[in-house]
Amino acid sequence: MKSLVPFSESEMAVYRQLFLDYCELGGMPGGVRSYIEKGNFAGSLALQRQLLLDYEEDVRKYAEGLDQAKILSVYRHVPTQLAKENKKFQYSTISKSARAREYQSCIEWLQDAGVVNTCYCLHFPELPLKGNYDEAKFKLYYADTGLLVASLDEEAQEDLRANKNLGVYKGALYENLVAEALIKQGLGLYYYKREDSQLEEDFFVRTTNELLPVEVKAGNNSSKSLSTLIRGEKYADVKRGIKLSAGNIGFSNGIYSFPYFCAFLLKRWLAGQKLNESK
């Protein structure tokens, strides 16, 4: 990634398959242990679905003093929300009469329990990130992408491996994986959606003096929003961007292209960018 040398075709084939295996299996210890012992995915879906039920039981057991039914409603609606083109969490999909004040503590409980990751909408794409976001506008992602896949149809694991039948959910799965990778690197989750245009960016990371938008593409098509942010004079903190897709490593027009499976290395790559800034 630092040298921008593309992977060979054989490397890409191997890493893509391993990446899809991880998306399907996830990182929960029980599922990983079973895979190591058996050498295959047999029984992994049943284990994951039991974990989803165990989470619900934990809500009933540990969410004292809160409305457990509301917590469970939020938890169960995360996959539904991610399936929408506009993935911003909308309380009205839970209940037409739902209000933010009724559910805020429920979302905080799920986040503190490590069940979901929250991605907040920036007021404007500029530094600093903290303190520059709207707490009322956010997306929710499952903390484990394998559990998200398990929450879908029974055939979803096979569809993911065959790269078919996922439709809009393909983008949601890859977004969830990138959110998971950023959180596990200790990075915050922020996105941007300009209300009066189609400008929208999935995530943002930063170096010492620079803000880098991160776009997750289900395919390998062009990145209009990325280009707008990089070239727009009013986005002074944005000089380059990152595109994560099914494609190989590359750099063009201020956009670094990396395969999805490189997402877990972004923090280390950014550290190298900081070093270059100081020279």
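Numbers given for residues are sequential positions, taken from 1 along each chain in its written order. Per-residue local features are limited, in this predicted model, to residues with pLDDT of at least 70; the limit for side-chain atom pairs, both in listing and counting, is 80 or more; totals at the level of whole chains, interfaces and linings are taken over all residues. Hydrogens and waters are ignored; side-chain quantities use all the structure's heavy atoms.

Colleague: Residue-level account of the pattern of salt bridges, with values.
Modeller: A side-chain nitrogen of Lys or Arg and a carboxyl oxygen of Asp or Glu constitute a salt bridge if their distance falls within 4 Å. One pass over the structure, following the stated rule, counts 12 salt bridges. Notably, a salt bridge pairs E56 with R60, separated by 3.7 Å at the nearest N-O pair. Linking E56 with R60, this pair stays in helix α3 (residues 44–62), spanning four residues, or about one helical turn. The closest approach of N and O atoms between E56 and R76, which form a salt bridge, is 2.8 Å. Here E56, found in helix α3, pairs with R76, found in helix α4 (residues 68–82); they are 20 residues apart in sequence, far enough to count as distant. Several salt bridges converge on common partners, so that one network encompasses E56, E57, R60 and R76. Each helix corresponds to a stretch of at least 4 residues labelled H or I by DSSP, and each strand to a stretch of at least 2 residues labelled E; elements are numbered beginning at the N terminus.

Colleague: Break down the nonpolar core for me, citing the residues and quoting the values.
Modeller: Ranked by size, the top nonpolar core spans 67 residues in total, and within it F203, I242, L244 and F258 carry the most contacts. Ranked by residues supplied to this core, first place goes to helix α8 (residues 168–184) with eight residues. Note on definitions: a residue-residue contact is assigned when non-hydrogen atoms from the two residues lie within 4.5 Å. Apart from residues no more than four positions distant in its own chain, F203 is found in contact with C119, Y141, E175, V178, A179, L182, L189, Y190, L212, P213, V214 and V216. Here, the term nonpolar core denotes a set of buried Ala, Val, Leu, Ile, Met, Phe, Trp, Tyr and Cys residues that are joined through side-chain atoms within 4.5 Å. Each residue is assigned to one of three classes by its accessible area relative to the maximum for its type, calculated with a 1.4 Å probe on protein chains only: buried under 20%, partly exposed between the two thresholds, exposed over 50%.

Colleague: Mind laying out the packing of aromatic side chains, listing which residues take part and the relevant values?
Modeller: Here a Phe, Tyr or Trp ring, Trp counted by its six-membered ring, pairs with any other such ring whose centre lies within 6.5 Å, and the pair is stacked when the planes are under 30 degrees apart, edge-to-face when over 60, and tilted otherwise. Scanning the entire structure with this criterion turns up 23 aromatic pairs. With a centroid separation of 5.4 Å and 80 degrees between ring planes, the pair formed by F7 and Y15 is classed as edge-to-face. For Y15, a relative accessible area of 32% puts it in the partly exposed group. The rule is short: NZ of Lys or CZ of Arg within 6 Å of the ring centre and within 35 degrees of the ring normal puts a charge over the ring. Above the plane of the ring of Y103 lies K70, whose end atom (NZ or CZ) is 5.8 Å from the centre. One Lys or Arg, K139, reaches over the ring of Y191 and ends 4.4 Å from the middle of that ring.

Colleague: Lay out the side chain of Q81 with the relevant residues and their values.
Modeller: Within the secondary structure, Q81 is located in helix α4. What makes Q81 buried here is its relative accessible area of 2%. Not counting chain neighbours up to four residues away, the residues in contact with Q81 comprise N86, K87, K88, F89, Q90 and T93.

Colleague: How would you explain the packing of α3 against α4 if you had to name every residue and give the values?
Modeller: Remark: α3 packs on α4, axes separated minimally by 9 Å, with the N-to-C direction vectors making an angle of 155 degrees. On the basis of their axis angle, the class for α3 and α4 is roughly antiparallel. In this structure, α3 meets α4 at a crossing whose hand is right-handed. On the side of α3, the interface is formed by L52, Y55, E56, V59 and R60, while α4 contributes Q68, I71, L72, Y75 and R76. Each residue gets one label: Ala, Val, Leu, Ile, Met, Phe, Trp, Tyr, Cys and Pro are nonpolar, Asp, Glu, Lys and Arg are charged, and the others, such as Gly, are polar. Residues that form the contact of α3 with α4 fall into these classes: six nonpolar, one polar and three charged. Helix axes use the C-alpha atoms of the stretch in contact, all axes being lines fitted to C-alpha atoms, and the angles between their N-to-C directions lie in the range 0 to 180 degrees. When an angle is under 35 degrees it counts as roughly parallel; over 145 it counts as roughly antiparallel; between 65 and 115 it counts as roughly perpendicular; any other value is oblique. Left-handed describes a crossing in which the near helix is turned anticlockwise from the far one by less than a right angle; the clockwise case is right-handed.

Colleague: Describe the packing of α4 against helix α5 (residues 100–112), and please don't skip the residues or the numbers.
Modeller: One can describe the packing of α4 onto α5 by two numbers: an axis separation of 9 Å at closest approach and a directional angle of 65 degrees. The orientation of α4 with respect to α5, classified from their angle, is roughly perpendicular. Here α4 and α5 pass one another in a crossing that is right-handed. Touching K70, I71, V74 and Y75 of α4 are E102, Y103, C106, I107, W109 and L110, all from α5. Considering only residue class, the contact of α4 with α5 consists of eight nonpolar, no polar and two charged.

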